[in-house]
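Observations on chain architecture
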Amino acid sequence: MAHNDSAPRGGHGAEQAHGAAGAPHAAAHDAHAHPTWKQYKWVAVILTAITVVEVWVYYIPAFTRTKLFVPSLLIMSAVKFAIVVLFYMHLKYDARLFRALFTGPLIIAVVTLISLMFLFGHLAVRLGS
Amino acid sequence: MSASPALDHIEAGAHGHHYTTTGLDSRKIAVWAFIGSECMLFASLISTYLIYKGRSVVGPFPHEACNPPVCATALKPILNIPVTSASTFVLLMSSLAMVLALAAVENRNLPKPTLGDRILGSSKLWLWMTCILGATFLGFQSYEFTSFVHEGLSIRTNLFGSSFFTLTGFHGAHVTVGVIWLGTLLAIDYKRGLEPGDAINVDIAALYWHFVDVVWIAIFTLVYLIK
């Protein structure tokens with residue numbers, strides 16, 4: 001299919017169409033070029049592949065008993081999370097303010113979650129030998 | 001209205017958009033701030049689930065069988081991973097459909113010489129796909145909740161039931177809101193057609209939809225896969 005794969009999915013077409021009339025906010029949308037259809041397709045393939053691996057390792061009893069099981073699942077989940085946020089939510093291409101508005105509360109949320117895990121004894125730091 | 005036409009442009013935007021002095025659309029700033037606050041809401045719900053994990057006195061349990069005398073009858077582990085994996089895949093594909101819907105609206109005025117271009121450029125098709133996949137996810141969740149209740153797990157059975165139904169129920173409510181939101185966009189598309197000038201409205205709905213997806217990515221791992 002020849003569907004303009006190489007053409008970047010431009011931000012909001014209206015801004016481009018309005019040309020000079022949209023100048024005050026054009027700068028903000030310059031960084032708003034979206035991924036191409038091909039990139040979206042590959043993102044979906046990668047997300048599906050990671051999900052398949054996650055479910056696959058769940059069914060390997062020998063692996064689920066190892067210390068690697070939980071960290072590997074958390075890493076795979078974090079990678080999926082990051083891919084969706086960066087490519088589908090366009091945070092990779094969007095304004096820095098949006099990044100700050102998302103990552104700030106996300107960091108607070110994650111730190112709070114980890115702190116609560118320590119507080120309620122689900123996580124512990126072993127001191128000494 | 002300000003005295004300066006230039007300032008008017010910044011305040012109201014060239015085509016009715018709400019641009020601020022940052023050059024960014026105020027509605028998009030608001031939706032990102034809302035998503036940030038939602039991160040904290042879901043972190044609190046996930047924390048509650050994890051804190052109570054493994055502390056239920058009576059079954060059914062998520063990953064372990066429950067045998068007498070702890071349970072009156074022998075109970076299997078209650079989580080159904082194959083069904084939830086399928087629903088996870090459905091939600092991931094709905095995110096793909098959503099980005100294609102947004103791209104179709106943004107590029108509405110571009111020429112579409114081939115059939116592939118026309119398919120990719122159909123916002124109605126991709127909005128329908130997103131709605132159907134979202135509704136399918138809700139169908140999976142309804143099936144899961146119903147089967148859990150039939151197997152003896154309700155929101156009042158034990159700590160696992162309370163925290164599980166609260167967390168996944170809140171997520172399901174968010175998906176429901178998203179499906180309704182997408183339905184309104186579809187209605188607008190059928191009524192007058194979504195133009196590139198409407199892309200910001202689709203973008204905001206898409207951000208919400210993808211957020212619902214990323215929350216499920218976290219829930220799927222933390223609740224369903226980690227034993």
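Remember, it's a predicted structure, so these values are computed and weren't measured experimentally.

Helix and strand counts for chain A come out as 6 helices and 0 strands. Considering chain A as a whole, with its 129 residues, one finds that 30% of them fall into the buried category. A fraction of 56% describes how many contacts in chain A between residues 6 or more apart in sequence connect residues 24 or more apart.

On to the environment of glycine 116 of chain B, then. Relative to the helices and strands, glycine 116 of chain B resides in helix α4 (residues 115-120). Put simply, glycine 116 of chain B and leucine 91 of chain B are 25 residues apart on the chain and 24 Å apart in space, counted from C-alpha to C-alpha.

Okay, unusual backbone geometry next. Despite not being glycine, histidine 90 of chain A shows a phi value in the positive range, around 60 degrees. Looking at where histidine 90 of chain A falls in the secondary structure, it is placed in the loop between α5 (69-88) and α6 (96-119).

A few words now on the confidence of the model for chain B. Residues and elements named next belong to chain B. When pLDDT is averaged along chain B, the result is 89, and 92% of the positions lie at 70 or above. The low-confidence segment residues 1-14, where pLDDT is below 50, has 14 contacts with residues more than four positions distant or belonging to other chains. Reported for the predicted complex are a pTM of 0.85 and an ipTM of 0.86.

With that out of the way, let us pick up the nonpolar core. By size, the foremost hydrophobic cluster in this structure holds 81 residues, and its most contacted members are Val99, Leu100, Ala101, Leu102 and Val202 of chain B. Among the elements that take part in this core, helix α7 (residues 199-225) of chain B stands out by supplying 21 residues, more than any other. Looking at this core, you find at least three residues from each of domain 1 (33-93) and domain 2 (95-129) of chain A.

Before going further, it helps to examine the packing of helix α6 (residues 159-191) of chain B against α7 of chain B. Geometrically, a packed helix pair is captured by the angle between its two axes and the distance between the axes. Residues and elements named next belong to chain B. Where α6 contacts α7, the two axes come as close as 10 Å, and the packing angle between them is 155 degrees. When the axes of α6 and α7 are compared, the pair comes out roughly antiparallel. Where α6 crosses over α7, the handedness of that crossing is left-handed. For the pair formed by α6 and α7, the contact residues are Phe164, Leu167, Thr168, His171, His174, Val175, Gly178, Trp181, Leu182 and Leu185 on the first element and Val202, Ala205, Tyr208, Trp209, Val212, Val215, Trp216, Ile219 and Val223 on the second.

The rules behind the values
Residues numbered from 1 in each chain as written. Chains lettered and ligands numbered in written order. Predicted model: local features only at pLDDT ≥ 70, side-chain atom pairs only at ≥ 80, totals over all residues. Helix = DSSP H or I, 4+ residues; strand = E, 2+ residues; numbered from the N terminus. Buried ≥ 20, exposed ≤ 12 C-beta atoms within 10 Å, placed from the backbone. Contact = placed C-beta atoms within 7 Å. pLDDT = per-residue confidence, 0-100. Core = buried A, V, L, I, M, F, W, Y, C linked by C-beta atoms within 7 Å. Domains from an automatic or database assignment. Axes fitted to C-alpha atoms, helices over the stretch in contact; angles between N-to-C directions. Parallel < 35°, antiparallel > 145°, perpendicular 65-115°, else oblique. Left-handed = near helix turned anticlockwise from the far one by under 90°.

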